[in-house]
Amino acid sequence: MDIHVPEARVPVLRDCDVLVCGGGTAGVAAAVSAARHGAEVVLIERWPRVGGMMTCALVTIWHRSDREKIVINGLVEEATQRALAEGWGVAYPSVEGRHETHNFDPEGMTLVLHRMLDEAGVRVLCYTVAGEPIVEDERIHGVLVETKRGRRAITARIVIDATGDGDIAAKAGVPFEVGREADGRVQGMTMMYRLCGLDHAALDALTPDRREAISAQMRAAIERGELPPSKTASPCGYRNRTIPNMCPVAGDPLDEEELTRLTVLGRERVFRFVRWWREHVPGFEAAQVEQTGFSLGIRESRRITGRKTLTAEMVLGAAKQPDAIGHGIWMIDIHDPRGSGYTTWQDRGDTNMVARGDSYHIPLGMCLNAAIPNLAVVGRCASSTHEGHSSVRVQTHCMVMGQGVGTCAAMALAGGTEMARVPAADLQRRLRADGVYLEDVPADG
Ligand SMILES: Cc1cc2nc3c(=O)[nH]c(=O)nc-3n(C[C@H](O)[C@H](O)[C@H](O)COP(=O)(O)OP(=O)(O)OC[C@H]3O[C@@H](n4cnc5c(N)ncnc54)[C@H](O)[C@@H]3O)c2cc1C
């Protein structure tokens, strides 16, 4: 059944050069970069804080290294250094042999990201959901938002969709894909959480044999269905405030009712594990769940079809692109769309990785589309196959897209042109000047 909504005159709440919809890591990077390059920027975010999955789903690890050196810098490096200086992050002892370089406190990182936005002069409206895009003559003119005072419009010359789900691009009619080719299922989701109340002395006193016995007991309990599905079979190495990634659920993140059910289920599972550990693991007797994700952790939903589409072959072949805006290093890392906790990374190891010491290029074209020239997407909704997405979805890569597109948007406005017409070499020069690592760009770039 449909109902008719009469046409209405809608007051303009804000007018700006660049409107960024969604304040996850990608959106923050896009907004800060566009503003630093002279654009008037408004960022709208439906939740009470920016950071998206990082701050609201407790995803706190950044991957920046090609396993020999750090190849993701720019705003990622700036946010990292600010967080470290304030004591909200730790660097892993060495990048040698691993992609992970830093771990952050999600609360501290929230402050860092908000400060970066404020200092850049971005007007941030939290508690604001981007609704219908205003599209006319194949251009986007802004979006409608519902406020406590009624419907309002935010108008802009360029809109950047950083909603993670590609809400604005999809509603504007840009084609998109969801999930894997075979059945449309997206990667499994996960409820992240933090623990406290652990007795570290008791945990440290566990002998290797005792630890192995606990793992075996836990695996058996998972197999019997007494514990929820999980690939992780031991909590013995946990510390207070540890954020485990071990409670997978599967379903459709674009269906609100199902998402609500899965969020509740994910939280239930966290508490089931903790109850079991209290009974079976010395040191866990007084364990508490300090915090669960404000949101379920969502890895994948819509992927908006762009001028270029990142594929597994490009990732694993470390493909270089003339329109590169930065580098990507992460592996093909698909969490089972049926929610078993299985990941291709754990099970296929090195065969799913970019060669050590090498990296692929993240092209601007995966963020632009052929339908609406003044609309870009950044972050996990950018153009990729299900497999390519499983690599480029990580936060540092999302920030590379944000910085590249935000800078490009400001340059396009200053030059009176479209984003796709900004010369790649000019954009790359600007990005390098801003600290972005960009090497091996093919000559025609
Ligand atoms: C459990 C889990 C573990 C992961 N592990 C890692 C890891 O170890 N390292 C890593 O780097 N990455 C990891 N990832 C991936 C990574 O966290 C995400 O892919 C990345 O954070 C996506 O960033 P984004 O800015 O594109 O989207 P999001 O972080 O999803 O941000 C989108 C933002 O837009 C807002 N929004 C959405 N719709 C609207 C709307 N209509 N109006 C206004 N605002 C809106 C949302 O509230 C949100 O703040 C993990 C993901 C999950 C779920």
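Quick caveat: nothing in here was measured; it's all calculated off a predicted structure.

Novice: I tried to follow the overall build of the protein on my own but got confused; where do I start?
Specialist: Along the backbone of the protein there are 13 helices and 18 strands. Relative to a compact globule of 445 residues, whose C-alpha radius of gyration would be 22 Å, the protein shows 22 Å and is just as compact. Expressed as a percentage of the 445 residues in the protein, the buried residues total 50%. A separation threshold of at least 6 residues defines the contact pool for the protein, and within that pool the share at least 24 residues apart is 75%.

Novice: Looking at this structure, I do not really get the site of the ligand. What am I missing?
Specialist: Taken together, 39 residues are adjacent to the ligand, and Gly22, Gly24, Gly52, Gly297 and Gly379 come closest. Mapped onto the shell around the ligand, the elements with two or more residues apiece are helix H1 (25-36), helix H2 (53-56), strand S3 (61-63) and helix H12 (395-415). Of the residues in the shell around the ligand, the class split is 17 nonpolar, 15 polar and 7 charged. Residue-level mapping places the shell around the ligand at the junction of two domains, with at least three residues from each of domain 1 (12-183 + 300-433) and domain 2 (189-292).

Novice: Where do I start with the environment of Pro229 in this structure?
Specialist: Structurally, Pro229 can be placed in the loop between helix H7 (208-223) and strand S13 (248-249). The exposure class assigned to Pro229 is buried, which follows from the 20 C-beta atoms found within 10 Å. Separated by 117 residues in the primary sequence, Pro229 and Gln346 have C-alpha atoms spaced 16 Å apart. Once residues within four sequence positions are removed from consideration, Pro229 is found in contact with Ile222, Pro248, Gly339, Ser340 and Gly341.

Novice: Explain the packing of H1 against helix H4 (residues 106-120) to me, please; I cannot follow it from the model alone.
Specialist: When two helices pack together, their arrangement is given by the angle between the helix axes and the distance between those axes. Between H1 and H4, whose axes approach to 9 Å, the crossing angle comes to 20 degrees. One element, H1, and the other, H4, form an angle in the roughly parallel class. In this structure, H1 crosses over H4, and the sense of that crossing is left-handed. Across the interface between the two elements, Val28, Ala31, Val32, Ala35 and Arg36 of H1 pack against Leu113, Met116, Leu117 and Ala120 of H4. When the residues that make up the contact of H1 with H4 are grouped by side-chain class, the tally is 8 nonpolar, no polar and 1 charged.

Novice: What exactly am I supposed to notice about the domain arrangement of the protein here?
Specialist: Interface size, as often reported, equals the accessible area lost upon joining of the parts. In terms of domains, the protein is made up of domain 1 (12-183 + 300-433) and domain 2 (189-292). Centre-to-centre separation of domain 1 and domain 2, based on C-alpha positions: 30 Å. Of the residues lining the interface, 14 residues belong to domain 1; the matching set on domain 2 comes to 12 residues. Considered class by class, the residues forming the side of domain 1 that touches domain 2 number 5 nonpolar, 7 polar and 2 charged.

Novice: Would you explain helix H13 (residues 424-433) in this entry?
Specialist: Owing to its 3.6 residues per turn, the α-helix aligns residues three or four sequence positions apart on the same side. Those residues of H13 that sit buried are Ala424, Leu427, Gln428 and Leu431. One face of H13 carries all of its buried residues, which in axial projection span an arc of 100 degrees. Seen from the buried face of H13, the exposed residues on the opposite side, beyond 90 degrees, are Asp426, Arg429 and Ala433. One or two steps after H13, the chain reaches Gly435, where phi turns positive at roughly 90 degrees.

Novice: Please clarify how H4 should be interpreted in this entry.
Specialist: A rise of 1.5 Å per residue sets the reference length of H4, with its 15 residues, at 21 Å; its end C-alpha atoms lie 21 Å apart and thus fit the reference within 8%. Listed as buried for H4 are Pro106, Met109, Val112, Leu113, Met116 and Leu117. Burial along H4 is one-sided: seen end-on, the buried residues are contained in an arc of 130 degrees. Among the exposed residues of H4, those oriented more than 90 degrees off its buried face are Asp118 and Glu119. The secondary structure elements touched by the buried residues of H4 are H1, strand S2 (41-44), H2, helix H3 (75-86), strand S5 (100-104) and strand S6 (123-125). Positive phi shows up at Gly121, right after H4, with a value of about 85 degrees.

Novice: Sorry if this is basic, but what is going on with the environment of Tyr238 here?
Specialist: Its place among the elements puts Tyr238 in the loop between H7 and S13. Classification of Tyr238 by C-beta neighbours within 10 Å gives partly exposed; the count is 19. For the pair Tyr238 and Leu203, spaced 35 residues apart in the sequence, the C-alpha separation amounts to 8.4 Å. Here Tyr238 is in contact with Leu195, Leu198 and Pro244, once residues within four sequence places are set aside.

Novice: Please clarify how the sheet that holds S5 should be interpreted in this entry.
Specialist: Within a sheet, each strand pairs with its neighbour through backbone hydrogen bonds, oriented either parallel or antiparallel. Within the open sheet, the 3 strands sit side by side as S3-S5-S4. Their pairing is antiparallel. If you trace the sheet from one side to the other, it starts and ends with S3 and strand S4 (89-91), each paired once. Adjacent strand axes in the sheet meet at a mean angle of 20 degrees when their direction is disregarded. Where S3 and S5 come together, 3 bridges link them in antiparallel fashion. Across the sheet, His63 pairs through a bridge with Glu100, a residue of S5.

Novice: Is there a simple way to explain the pairing of S2 in this structure?
Specialist: Judged by which residues are buried, S2 turns out to be covered on both faces: Val41 and Leu43 on one side and Val42 and Ile44 on the other are all buried. Note that strand S1 (residues 12-21) and S2 share 4 bridges and pair parallel. Considered in S2, the bridge of Leu19 is made with Val42. For the handedness criterion, the β-α-β arrangement of S1, H1 and S2 is classed as right-handed.

Novice: What is the right way to read the environment of Ser234 from this model?
Specialist: The residue Ser234 is located in the loop between H7 and S13 in this model. Discounting residues that sit within four places of it in the chain, Ser234 has contacts with Arg211, Ile214, Ser215 and Met218.

Thresholds applied
Residues numbered from 1 in each chain as written. Predicted model: local features only at pLDDT ≥ 70, side-chain atom pairs only at ≥ 80, totals over all residues. Helix = DSSP H or I, 4+ residues; strand = E, 2+ residues; numbered from the N terminus. Rg over C-alpha atoms; globule rule 2.2 N^0.38 Å. Buried ≥ 20, exposed ≤ 12 C-beta atoms within 10 Å, placed from the backbone. Contact = placed C-beta atoms within 7 Å. Near = placed C-beta within 6 Å. Nonpolar A, V, L, I, M, F, W, Y, C, P; charged D, E, K, R; others polar. Domains from an automatic or database assignment. Axes fitted to C-alpha atoms, helices over the stretch in contact; angles between N-to-C directions. Parallel < 35°, antiparallel > 145°, perpendicular 65-115°, else oblique. Left-handed = near helix turned anticlockwise from the far one by under 90°. Arc of directions from axis to C-beta. Expected span 1.5 Å × (residues − 1). Pairing = 2+ DSSP bridges. Right-handed = clockwise from strand over helix to strand, strands pointing away.

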